[in-house]
Amino acid sequence: DQDKLSAHQTLYTCLATLAKLLAPAMPFLVEELYQNLVRSVDSAAPESVHLADWPVADAALIDESLSEGMRLAMRIASMGRAARQKAGIRVRQPLGRVLVKTRTPQEQAALQRLASHVLDELNIKEVASLDSEGDVVEFSLRPNLPLLGPKYGNQVGRVRQALGKADPAQVAAAVRSSSPVALDGFTLLPEEVLVDAKEKPGYAVALEVGYVVAVDTRITPELAGEGMARELVHRVQNMRRSAGFDIADRITLWYEGGAEVERVMLKHADYIKAETLTVDLHPGPPEAGAYTEEQTIDGAKVRLGVRRRDRSVAE
């Protein structure tokens, strides 16, 4: 499709440009790269990479807004993966939504424009704005007595009372941004306040300076089924490699398992077949000669068998 063609063209441009940039340092290897990439498809190109013009950046092609947005998307995706890892949920298991709080409304708008990239990276269905980190995290505050004791002496009690009256979420945000905290006549340095954070039930949360990413960890039966389908695809792909199949080989796939495996196979048959290049999908024991493995997926036992189809038959 057009997205793949665009990706291939972008990759080609990057590799061809890189060949020219690396030519002085890696002359022979880069010459081979250039001959394969450029000369093989463009007879009008210079005969050697060492005869080509040095690449010149075209500033008109730089989209600063897109670059900033992609950096933000990468950061949110990284935080989302950290939250998933904290919850012990593998990336192949789809989740319902992720809540994101950015530093500015402009960043939030940019994130919405690039939401599809974040959702693909995290395998999550929906991204939503988070108004307050207090919606997903409970904060508690404590004075850092080894620092505050020598500084305030017998006024430490008043500092403790001021912390008890403060909004924990606001103080936590100030501490994370390394900003001083003004409380009831006292100005506390960030390191003088200890902040404890506890995630609310149903969320795994990652916090960075000014950013909050909360992954909704609740897994519905539908999400669980989709997660099993993705895991089955992963196991079949590994079996294809173990069986020595070519990447383009079509296969016949057999499966044996319980009621849940049967339900997932039937519901997600088109997805499984498309991802694994399966032409025929059969319940029941594999035929003689098939490559077989027994797997355990989410506690469910499943026996899988694959066999390469004759190419003339597959066509």
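Provided above is the structure to which this section pertains.
These remarks concern the structure in this document. If you're wondering where the values come from, they're calculated on a predicted model, not measured in any experiment.

1. Section: the overall build of the chain
Inference 1: Broken down by element type, the chain carries 12 helices and 12 strands.
Inference 2: The C-alpha atoms of the chain give 28 Å as radius of gyration, which overshoots the globular expectation for 315 residues (20 Å, by more than 25%).
Inference 3: Expressed as lengths along the three principal axes of its C-alpha atoms, the size of the chain is roughly 85 × 65 × 35 Å.
Inference 4: Residues classed as buried in the chain amount to 38% of the 315 residues present.
Inference 5: For the chain, the exposed surface amounts to about 18,300 Å²; the carbon and sulfur share of it is 53%.
Inference 6: In the chain, 38 side chains carry a positive charge and 44 a negative one; their mean positions are 6 Å apart.

2. Details of the environment of Leu 163
Inference 1: Relative to the helices and strands, Leu 163 resides in helix H7 (residues 156–165).
Inference 2: Residue Leu 163 is classed as buried on the basis of its relative accessible area, which comes to 4%.
Inference 3: Residues Leu 163 and Val 181, 18 residues apart in the sequence, show an inter-C-alpha distance of 9.9 Å.
Inference 4: Excluding residues that lie within four positions of it along the chain, Leu 163 makes contacts with Leu 141, Arg 142, Pro 143, Leu 183, Leu 188 and Val 193.

3. Regarding the pairing of strand S12 (residues 300–308)
Inference 1: Pairing of strand S9 (residues 251–257) with S12 involves seven bridges; the strand directions are antiparallel. Residue pairing in the sheet places Gly 257 in a bridge with Val 302 of S12.
Inference 2: Taken together, the seven bridges between strand S11 (residues 291–297) and S12 define a ladder with antiparallel strand orientation. Residue Gln 295 lies in a different strand from S12, and its bridge partner there is Val 302.
Inference 3: A loop of two residues connects S11 with S12, the two strands running antiparallel in sequence, and Asp 298 in this loop sits at a positive phi of about 50°.

4. Remarks on the nonpolar core
Inference 1: Residues Ile 76, Val 98, Val 100 and Ile 124 are the most contacted members of the largest nonpolar core, which totals 23 residues.
Inference 2: For this core, the secondary-structure elements that each account for two or more residues are helix H3 (64–87), strand S1 (95–101), helix H4 (105–113), helix H5 (115–122), strand S2 (124–129), strand S7 (203–208) and strand S8 (211–216).
Inference 3: Residue contributions to this core peak at five residues, all from H3.
Inference 4: Excluding residues that lie within four positions of it along the chain, Ile 124 makes contacts with Arg 84, Leu 95, Gly 96, Arg 97, Val 98, Leu 119 and Val 215.
Inference 5: If you look at the next biggest cluster of nonpolar residues, it comprises 21 residues, including Met 228, Leu 232, Phe 245 and Val 302.

5. Some details on the environment of Val 175
Inference 1: Tracing the chain through its elements places Val 175 in helix H8 (residues 168–176).
Inference 2: Remark: the alpha-carbon pair of Val 175 and Pro 190, spanning 15 residues in sequence, is separated by 4.7 Å.
Inference 3: Residues in contact with Val 175, not counting those within four places in the same chain, are Val 181, Pro 190, Val 193 and Val 195.

6. Quick notes on helix H9 (residues 221–242)
Inference 1: The first and last C-alpha atoms of H9 sit 31 Å apart over 22 residues, in line with the 32 Å expected at 1.5 Å per residue.
Inference 2: Where H9 terminates, the next one or two residues include Gly 244, which has phi positive at roughly 80°.

7. Thoughts on the packing of helix H1 (residues 2–22) against helix H2 (residues 27–39)
Inference 1: Where H1 meets H2, the axes come as close as 9 Å, and the angle between the chain directions of the two elements is 150°. Between H1 and H2 the crossing geometry is left-handed. Side by side, H1 and H2 meet where Tyr 12, Leu 15, Ala 16, Ala 19 and Leu 22 of the first sit next to Val 30, Leu 33, Leu 37 and Val 38 of the second.
Inference 2: Looking at the contact of H1 with H2 residue by residue, the classes come out as nine nonpolar, no polar and no charged.

8. Section: the sheet that holds S7
Inference 1: As summarised here, the arrangement of the four strands in space is S2-S1-S8-S7, forming an open sheet in which the pairing is mixed. Whereas interior strands pair on both sides, the edge strands pair on one side only; in this sheet they are S2 and S7. Strand-to-strand, the axes of this sheet are offset by a mean angle of 20°, without reference to chain direction.
Inference 2: When S7 meets S8, the two strands line up antiparallel, connected through six bridges. Paired with Val 205 across the bridge in S8 is Ala 214.
Inference 3: Contacts from H3 reach S1, S2, S7 and S8 within the one sheet, and its direction differs from that of S8 by about 50°.

9. Some thoughts on the sheet that holds S11
Inference 1: The four strands are arranged S10-S9-S12-S11 in an open sheet whose pairing can be described as mixed. The open sheet terminates on both sides in strands that have one partner only, identified here as strand S10 (278–283) and S11. Neighbour-to-neighbour, the strand axes of the sheet open up by a mean angle of 25°, direction not taken into account.
Inference 2: When S9 meets S10, the two strands line up parallel, connected through five bridges. For Tyr 255, the partnering residue across the bridge sits in S10 and is Pro 283.
Inference 3: Its contacts with the sheet place helix H11 (residues 269–276) against S9 and S10, and it is angled at close to 130° to S10.

Reading the values: the criteria
Residues numbered from 1 in each chain as written. Predicted model: local features only at pLDDT ≥ 70, side-chain atom pairs only at ≥ 80, totals over all residues. Heavy atoms only, no water. Helix = DSSP H or I, 4+ residues; strand = E, 2+ residues; numbered from the N terminus. Rg over C-alpha atoms; globule rule 2.2 N^0.38 Å. Buried < 20%, exposed > 50% of the residue type's maximum accessible area, 1.4 Å probe, protein only. Areas by Shrake-Rupley, 256 points an atom, 1.4 Å probe, with all protein chains shown as cover. Lys, Arg positive; Asp, Glu negative; His and termini not counted. Charge placed at Lys NZ, Arg CZ, Asp CG, Glu CD. Contact = heavy atoms within 4.5 Å. Pairing = 2+ DSSP bridges. Core = buried A, V, L, I, M, F, W, Y, C linked by side-chain atoms within 4.5 Å. Expected span 1.5 Å × (residues − 1). Axes fitted to C-alpha atoms, helices over the stretch in contact; angles between N-to-C directions. Left-handed = near helix turned anticlockwise from the far one by under 90°. Nonpolar A, V, L, I, M, F, W, Y, C, P; charged D, E, K, R; others polar.

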